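Residue strings, one per chain:
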Amino acid sequence: MEFPPQQKPADGKIVYPPGVKEITDKITNDEVVKRLKMVVKTFMDMDQDSEDEKQQYLPLALHLASEFFLRNPNKDVRLLVACCLADIFRIYAPEAPYTSHDKLKDIFLFITRQLKGLEDTKSPQFNRYFYLLENLAWVKSYNICFELEDCNEIFIQLFRTLFSVINNSHNQKVQMHMLDLMSSIIMEGDGVTQELLDSILINLIPAHKNLNKQAFDLSKVLLKRTVQTIEPCIANFFNQVLVLGKSSVSDLSEHVFDLIQELFAIDPHLLLSVMPQLEFKLKSNDGEERLAVVRLLAKLFGSKDSDLATQNRPLWQCFLGRFNDIHVPVRLECVKFASHCLMNHPDLAKDLTEYLKVRSHDPEEAIRHDVIVTIITAGKRDLSLVNDQLLGFVRERTLDKRWRVRKEAMMGLAQLYKKYCLHGEAGKEASEKVSWIKDKLLHIYYQNSIDDKLLVEKIFAQYLVPHNLETEERMKCLYYLYASLDPNAVKALNEMWKCQNMLRSHVRELLDLHKQPTSEANSTTMFGKLMTIAKNLPDPGKAQDFMKKFNQVLGDDEKLRAQLELLISPTCSCKQAEVCVREIARKLANPKQPTNPFLEMVKFLLERIAPVHIDSEAISALVKLMNKSVEGTADDEEEGVTPDTAIRSGLELLKVLSFTHPTSFHSAETYESLLQCLRMEDDKVAEAAIQIFRNTGHKIETDLPQIRSTLIPILHQKAKRGTPHQAKQAVHCIHAIFSNKEVQLAQIFEPLSRSLNADVPEQLVTPLVSLGHISMLAPDQFASPMKSIVANFIVKDLLMNDRSTGEKNGKLWSPDEEVSPEVLAKVQAIKLLVRWLLGMKNNQSKSANSTLRLLSAMLVSEGDLTEQKRISKSDMSRLRLAAGSAIMKLAQEPCYHEIITPEQFQLCALVINDECYQVRQIFAQKVHKALVKLQLPLEYMAVFALCAKDPVKERRAHARQCLLKNITIRREYIKQNPMAHEKLLSLLPEYVVPYMVHLLAHDPDYTKAQDFEQLRDIKECLWFMLEVLMTKNENNGHAFMKKMVENIKQTKDAQAADDPKANEKLYTVCDVALCVIISKSTSCNVDSPKDPVLPTKFFTQPDKDFCNDKPYISDETKTQLLTGKPKPAGVLGAVNKPLSATGRRPYHRSTVSETGSNVSGNSEPSSPTGNRQREQNTESSETGVSENEENPIRIIAVTPAKDEPVKNKVKINHTHICSVVGWFVQGFF
């Protein structure tokens, strides 16, 4: 290779260091390397002060920059030349010996290329590469390039080279020299070009960051070091891209948000001018752009060490505004951010709370779901991060309309409870903060959805009382949980056990059917049982198919049936249950089918019926815990309950379990502990203990004689001198568990019957309770002696006499403890009459007729049977309630239902419109309870139509819920029981319509057939019932009801068949009903699928010669009824305000002879003034509180109206009383 022309000194001779021969292209590469090493050594030893040497070696310096060296193919040669050039720049600094800009550019690009050798730290030449880097960095040689026009190309090449070679094998010195080299270029230059900035920023992009972590770290430190210089350049870049939209300025434009995040993490000062630009972007019209900015800012605000929210409040507030963004993904991103923010910045929780509150009600399911996840995630990290308000949002969502949201909320709360209450991970304060969770979760069991119920059961078994705990620990957990639950949660838990036990019974009955010979009847019964079981599983539609399949498997696999038999047997232990569930699941599993919906459904069933908590060992552990509480050695106070509460709750818990797991109680140790409880002074504890004996003691007589001999005298004592509840349970206990019960009951009956004394009423209640229950349980033995007691003592001595004068305080209701002993005794006397009759179950002696007349008289006299005005208003309310409840109780027995007259039924029905709030409330609950159990005839459901008049919103709402539940239960019962179709007259909800029409036609407030105001009341009552009935048009129910009402118009009122006014009112009510049905239904005009049957007790048979097509209300009246301003609900003047005469009595008595027989159905109307007065009273707003001081319900606040004079009120004197006693006694004998 020939040398290119060189810059030479005047004499043109190149001087080499001593011992170094001329370096030419004629020698080998090895020789060139050898000679260059000596040259390198010479330049290394020179310093800037060696002027002579500098002058002497100037030609050599110029020679080393020739093309021969800069383009030499040998790597070692190039490295040595680069080292020489670096030293030359050091020696000749600040002026370089090279004056040509092009030459300088070539030299620095050459040197930059050699720096690539730094990559391999294991190379033999690495030390020389390091020397080169060190030299360049120390001297800041590259600063010479500032004078070059295209220096940017050199710097970009240098930066890229250094970032590409840095790796984890480099030590800190290498990194420091690189940083020195690059930072000097940035800080001492006139600015950083976009390309150079890109060469730094590209290393921050996630893809590059993951490829070369060391390059990322190098960029990070470089930016930190040069923050003041580089910040304007960064601001300019983001301004170009974000504000001006010039994405072409850089290849990194599409990564701006990633870059902002990384730059913020490196040093927030790098973005001082950029943050306002983000605020501008948050308000962009492009939803996707807002989403990108929100994602970015979420990371910036949420990062652990960020103080951006406090440093830049306007941006923070603008960001919070995006929680309400119209774009769903933006709101979703904001909610997800909140979790990190709460965990990393608890101080911002206050700002976030209000926005999360709004989002917890977001129309989007996913957002409501994520609000819960956000709060629960933070709460699980540290409970102090979430305030009560945030937990309240989760609490609300447990009632969300979407299952996914409800499930997340319930499971989240369960996890918090287990962590902070069960495990106590954050101390007592945290435990108290979430102690409400257990109650709330159990309350959800009241929801109608089977999914909710199943999840509550799962939560109970896994989080509230984990089934995998050891027995003692598990029972301790249950014991103190039960003691700390609120009353509604206790009821829910009891209901849960009851439902599980009922499902066990269904499965047991299914297995019994498998043991019977195959027949059509057996198959039909089995199908019905399968449908019932399927209703107790998620997605009942699919569950039916799966249950059919499971039933088929049970029929084919005897071993599987045996496992299931063991699982539901009363003696199955918790450990055995786990084994059975596992074995059954294993048999049904299909290895080829990873997801097996059939198996999942069967598991649901097995989990519900398996006794995972309670067995004999568990009951024994519970009893021991209770014994410790009795002895005072338990941890009651530490667990947050008093010993008395623990004992009482423990007994209540055992009482509930005695219904569902009676076999588990059968041990001498358990019964000894219960005997100890019977001797305690706490009445509730003793009562619960007796009930446990009653439920579980069937084998005591044969297996545990010692317990029997101790128990009998205690039960006798409780039946004679215990509390009324104890007496009831004692009598039932004796009847249930002893074979010689006749002897035992006689030993109680005889002394009690002899000791009855009406002059000492406070000692009467318990004997009356015991006598009543004895006569009900053993009617054949005690029916005859009870007749004498009833006639001579109950009626003559007790009910027909007022020995004391009640307190005239004006209250309509008083707490139990303030009720006079005499009235308490009278209430029990009424109950005794009912129990006595229910025991006999026949009316051969006409005792029931006499009793019904007595109860009717009690209602007519407003509870003051003697009408001597000695009894207080509140005591009268008690007696009215007792009389109404007694008639309703007798109606549950078919033989007595038949003899209840329409007048007596109407009297009973009007109790639901009583002037006393508590009477209405309690009576409605009793009616509902009996109807739900299908024990009360359908006509009593019509009573709820009168609730439209109740002035209290809560009572109307409760009545509507009762109707809804009753109608649903009856329709379901008809579907599930094929035999029910034969009894449609008593089961089909639509058949309540004729009873309702008749009842409203005899409403004492309906006095004028065509009075518009009264018709409007009738319409409200009709619609109150029809609205619920017409929610679904099952089997053309609308047409059926229309047909039924039309048929009524072709009959006459059986109660007053010859009374034109009574029939006119009946037909008018029918027309109002037809008007409502036709206006609310578009399908009522189709032909009815079946011909309705009308009750003959209330309606006469249709006369073939009679065709009633007369309209009883005008078209104008119809229009007004349907479109006029609705009248405020309620015709009662106010809650607990006296009613006018017609509001109380549907008929009157004027003579003794009328009293002795069924009284007339006619009633004299009250004055128009009286009606107007009551209507005005109802128009008051439903706010304020009751006059009744003990009534906590918010009710109508009105100005008290003067009592209307009671018309046709009978003055009952002593002679009248004797007459009533006479026909009553005569009725018994």
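Keep in mind that what you see is a predicted model, and the values were worked out from it rather than measured.

*Asks:* Please give an account of the confidence of the model for the protein that cites residues and values.
*Replies:* Averaged over every residue, the pLDDT of the protein is 82; residues scoring 70 or more account for 90%. Counting contacts from residues 1-11, a segment whose pLDDT is below 50, to residues more than four positions away or on other chains yields 16 contacts.

*Asks:* How would you explain the packing of aromatic side chains if you had to name every residue and give the values?
*Replies:* Aromatic ring pairs: the centre-centre distance and the angle between the two ring planes describe each pair. This model, assessed by the stated rule, comprises 22 aromatic pairs. Centre to centre, the rings of Phe-159 and Phe-163 are 6.4 Å apart; their planes meet at 75 degrees, and the pair counts as edge-to-face. Of this pair, Phe-159 and Phe-163 both sit in helix α8 (residues 151-165), 4 residues apart, which is roughly one turn of that helix. In this pair, the class of Phe-159 matches that of Phe-163, namely buried. Each ring, one from Phe-319 and one from Phe-337, has its centre 4.9 Å from the other, and the planes form 90 degrees; the classification is edge-to-face. Linking Phe-319 in helix α18 (residues 313-321) with Phe-337 in helix α19 (residues 328-344), this pair joins segments that are 18 residues apart in sequence. Against the face of Tyr-445 rests Lys-453, its NZ or CZ located 4.9 Å from the ring centre.

*Asks:* Kindly report on helix α28 (residues 487-515), identifying the contributing residues and their values.
*Replies:* Spanning 29 residues, α28 covers 42 Å between terminal C-alpha atoms, matching the ideal 42 Å at 1.5 Å per step. Put simply, Asp-486 is the residue that caps the front of α28, since its side-chain oxygen is 3.1 Å from the backbone nitrogen of Asn-488.

*Asks:* How would you explain the state of the cysteines if you had to name every residue and give the values?
*Replies:* Scanning the entire structure with this criterion turns up 0 disulfides. Counting only cysteine sulfurs, Cys-572 is the nearest neighbor of Cys-574, a cysteine outside any disulfide, at a range of 7.9 Å. A residue is classified by how much of its surface remains accessible, and Cys-574, at 5% relative accessible area, is buried.

*Asks:* Please give an account of unusual backbone geometry that cites residues and values.
*Replies:* Among all residues save glycine, negative phi is the norm, and among peptide bonds the norm is trans. With phi around 50 degrees, Asp-539 is a residue other than glycine that occupies positive phi space. As for its position among the elements, Asp-539 is in the loop between α29 (520-535) and α30 (540-556). Overall, Asp-539 belongs to the partly exposed group, its relative accessible area being 38%. In the Ramachandran plot, Glu-867 falls in the positive-phi region, its phi being about 50 degrees despite a non-glycine side chain. Of note, Glu-867 is situated in the loop between α45 (847-860) and α46 (873-890). By relative accessible area, which is 19% here, Glu-867 ends up buried.

*Asks:* Could you give me a rundown of the side chain of His-613, with the residues and numbers involved?
*Replies:* Positionally, His-613 belongs in the loop between α33 (597-609) and α34 (616-631). The class for His-613 is buried, based on a relative accessible area of 6%.

*Asks:* Which residues make up the layout of surface pockets, and what are the values?
*Replies:* Using a probe with the size of a water molecule, rolled over the atoms, empty space left in the structure can be pinpointed. Each pocket or cavity is described by its volume, and for the second largest pocket that value is around 740 Å³. Along its surface, the second largest pocket is lined by 27 residues, and Tyr-417, Cys-421, Leu-422, Ser-431 and Glu-639 are the ones closest to its centre. Counting residues per element, the ones that place at least two in the lining of the second largest pocket are α23 (403-422), α24 (427-433) and α27 (471-484). It is α27 that contributes the most residues to the lining of the second largest pocket, 6 residues altogether. Residues of the lining of the second largest pocket, tallied by class, amount to 10 nonpolar, 8 polar and 9 charged.

*Asks:* Which residues make up the environment of Asp-1105, and what are the values?
*Replies:* Examined against the element boundaries, Asp-1105 turns out to sit in the loop between α55 (1060-1080) and α56 (1115-1123). Relative accessible area serves as the criterion here: at 75%, Asp-1105 is assigned to the exposed category. Once the C-alpha coordinates of Asp-1105 and Gln-1050 are considered, the two residues, 55 residues apart in sequence, prove to be 10.0 Å apart.

*Asks:* Lay out the packing of α28 against helix α31 (residues 558-568) with the relevant residues and their values.
*Replies:* Helix-helix packing is described using two parameters, namely the angle between the two axes and the distance between the axes. Orientation of α28 relative to α31, taken along the N-to-C sense of each, is 145 degrees, at an axis distance of 10 Å. The hand of the α28/α31 crossing is left-handed. Contacts between α28 and α31 pair Arg-504, Val-507, Arg-508, Leu-511, His-514 and Lys-515 from the former with Arg-561, Leu-564, Glu-565 and Ile-568 from the latter. Among the residues making up the contact of α28 with α31, the classes are represented as 4 nonpolar, 1 polar and 5 charged.

*Asks:* Describe in detail a negative patch on the surface, supporting the description with residues and values.
*Replies:* A contiguous patch of negative charge, built from Glu-470, Glu-472, Glu-473, Glu-617, Glu-638 and Glu-639, is present on the exposed surface. Looking at the secondary structure, you find Glu-473 in helix α27.

*Asks:* Describe a nonpolar patch on the surface, listing the residues and the values that go with them.
*Replies:* The grouping of Val-243, Leu-244 and Phe-280 at the surface amounts to a nonpolar patch, some 280 Å² of accessible area in total. Relative to the assigned elements, Leu-244 resides in the loop between α13 (227-243) and α14 (256-266). A residue is classified by how much of its surface remains accessible, and Leu-244, at 47% relative accessible area, is partly exposed.

*Asks:* Can you lay out the nonpolar core for me, pointing to particular residues and giving the numbers?
*Replies:* Core analysis: the biggest nonpolar cluster contains 366 residues, and Leu-85, Tyr-142, Phe-238, Leu-278 and Leu-1026 have the highest contact counts within it. Look past the residues within four positions of Leu-1026 in its chain and what remains in contact with it is Val-993, Met-996, Met-1041, Ala-1073, Val-1076 and Ile-1077. With 34 residues, the next largest nonpolar core counts Leu-554, Cys-580, Leu-588 and Leu-605 among its residues.

*Asks:* I'd like to hear about the packing of helix α44 (residues 821-840) against α45, residue by residue, with values.
*Replies:* In the contact formed by α44 and α45, the axes pass within 11 Å of each other and the chain directions differ by 155 degrees. Classed by the angle they form, the pair α44 and α45 counts as roughly antiparallel. Crossing geometry of α44 relative to α45 is assigned as left-handed. Residues Ile-830, Leu-833, Trp-836, Leu-837 and Met-840 of α44 form the contact with α45, whose own contacting residues are Ser-847, Ala-848, Thr-851, Leu-854, Leu-855 and Met-858. Class assignment of the residues belonging to the contact of α44 with α45 gives a composition of 9 nonpolar, 2 polar and no charged.

Rules behind the numbers
Residues numbered from 1 in each chain as written. Predicted model: local features only at pLDDT ≥ 70, side-chain atom pairs only at ≥ 80, totals over all residues. Heavy atoms only, no water. pLDDT = per-residue confidence, 0-100. Contact = heavy atoms within 4.5 Å. Phe/Tyr/Trp six-rings, centres within 6.5 Å; stacked < 30°, edge-to-face > 60°. Helix = DSSP H or I, 4+ residues; strand = E, 2+ residues; numbered from the N terminus. Buried < 20%, exposed > 50% of the residue type's maximum accessible area, 1.4 Å probe, protein only. Lys NZ or Arg CZ within 6 Å of the ring centre and 35° of its normal. Expected span 1.5 Å × (residues − 1). Polar contact = N/O pair within 3.5 Å; in protein donor to acceptor, adjacent residues only side chain to side chain. Disulfide = S-S within 2.5 Å. 1 Å grid on protein atoms, 1.4 Å probe; cavity = no way out; pocket = protein on both sides within 12 Å on 5 of 7 lines; lining within 4 Å. Points joined across faces, edges and corners; volume = space filled by probe spheres on them. Nonpolar A, V, L, I, M, F, W, Y, C, P; charged D, E, K, R; others polar. Axes fitted to C-alpha atoms, helices over the stretch in contact; angles between N-to-C directions. Left-handed = near helix turned anticlockwise from the far one by under 90°. Patch = residues over 30% accessible without salt bridge, like charges linked within 9 Å, V, L, I, M, F, W, Y side chains within 5 Å. Areas by Shrake-Rupley, 256 points an atom, 1.4 Å probe, with all protein chains shown as cover. Salt bridge = Lys/Arg side-chain N within 4 Å of Asp/Glu carboxyl O. Lys, Arg positive; Asp, Glu negative; His and termini not counted. Charge placed at Lys NZ, Arg CZ, Asp CG, Glu CD. Core = buried A, V, L, I, M, F, W, Y, C linked by side-chain atoms within 4.5 Å. Parallel < 35°, antiparallel > 145°, perpendicular 65-115°, else oblique.

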